[in-house]
Amino acid sequence: MQIDLSIFPVINATLNGTAAVLIGTGVYFIKTKRPAIHKKFMISAVICSALFLVCYLTYHGLLGAQSGSVRKHFGGPPLARDVYYTILISHTILAIVIVPLVLITLTRGLKAQYPRHRAIARWTYPLWAYVSVTGVVIYFMLYQLYP
């Protein structure tokens, strides 16, 4: 039995985009000295990113089970292809790196270890934002611009 998986890329892009907005808004609130609101936005961003990861793994697991392949080939011209793969490679590497960084940053914040939280958050924030935004860029390039 085939399951229609076509909605998953849209869901994944939406979760990535939402996480990016939540991350940016959370950073804004800490910079404007509103830590309680910052905490709510960052926890929401973690939940959104975790939902993305579950949906992404589910999609690729089901796709692989149905077709034997978890890869969609990029259909754009050579220059766009080079840009796409550059973004994809950096996104993939940083997506692996960001998981423990987010968990450590979150744990330190929730334990009120603020100096240690700030020290790692300086790295976590831009990398996490990059991964979230490039996830949306990858979706648009792969499914909208060059399907």
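Quantities reported herein were computed from a predicted structural model and do not represent experimental measurements.

A few points about the overall build of the protein
- If you tally the helices and strands in the protein, you get four helices and zero strands.
- Ordered by position from N to C terminus, the α and β elements of the protein give α-α-α-α.
- C-alpha extents for the protein along the principal axes are approximately 50 × 40 × 20 Å.
- Across the 147 residues in the protein, those meeting the buried criterion constitute 35%.
- Here the analysis covers contacts within the protein between residues at least 6 apart in sequence; of these, 71% occur between residues at least 24 apart.

Focus: the confidence of the model for the protein
- Averaged over all residues, the pLDDT of the protein is 95; the fraction at 70 or higher stands at 97%.
- Taken element by element, the protein is modelled with least confidence in helix α2 (residues 35–67), mean pLDDT 94, and with most confidence in helix α1 (residues 8–31), mean pLDDT 98.

Points about the nonpolar core
- Counting 20 residues, the largest nonpolar core has Ile23 and Trp128 as the members making the most contacts within it.
- Where this core is concerned, the elements lending two or more residues are α1, α2, α3 (78–110) and α4 (114–145).
- When residues of this core are assigned to their parent elements, the largest contribution, eight residues, is made by α2.
- Here Trp128 is in contact with Ile23, Met42, Ala45, Val46, Ser49, Ile98 and Val102, once residues within four sequence places are set aside.
- Phe74, Ala80, Tyr84 and Met141 belong to the second largest nonpolar core, which has seven residues in total.

Some points on unusual backbone geometry
- One non-glycine residue, Lys33, lies in positive phi territory at about 60°.
- Inspection of the secondary structure assignment puts Lys33 in the loop between α1 and α2.
- Lys33 gets classed as exposed once you look at its relative accessible area, which sits at 70%.

Comments concerning α2
- An ideal rise of 1.5 Å per residue puts 48 Å on 33 residues; α2 measures up with 47 Å between its terminal C-alpha atoms.
- Residues His38, Met42, Ala45, Val46, Cys48, Ser49, Phe52, Cys55, Tyr59, His60 and Leu63 constitute the buried set of α2.
- Buried positions along α2 lie against α1, α3 and α4.

With respect to the state of the cysteines
- Per the counting criterion, the structure on display carries zero disulfides.
- Cys55 provides the cysteine sulfur closest to Cys48, a residue in no disulfide bond, and the two sulfurs are 9.6 Å apart.
- You can call Cys48 buried: its relative accessible area is 7%.

Quick notes on the rules
- Residues numbered from 1 in each chain as written.
- Predicted model: local features only at pLDDT ≥ 70, side-chain atom pairs only at ≥ 80, totals over all residues.
- Heavy atoms only, no water.
- Helix = DSSP H or I, 4+ residues; strand = E, 2+ residues; numbered from the N terminus.
- Buried < 20%, exposed > 50% of the residue type's maximum accessible area, 1.4 Å probe, protein only.
- Contact = heavy atoms within 4.5 Å.
- pLDDT = per-residue confidence, 0-100.
- Core = buried A, V, L, I, M, F, W, Y, C linked by side-chain atoms within 4.5 Å.
- Expected span 1.5 Å × (residues − 1).
- Disulfide = S-S within 2.5 Å.

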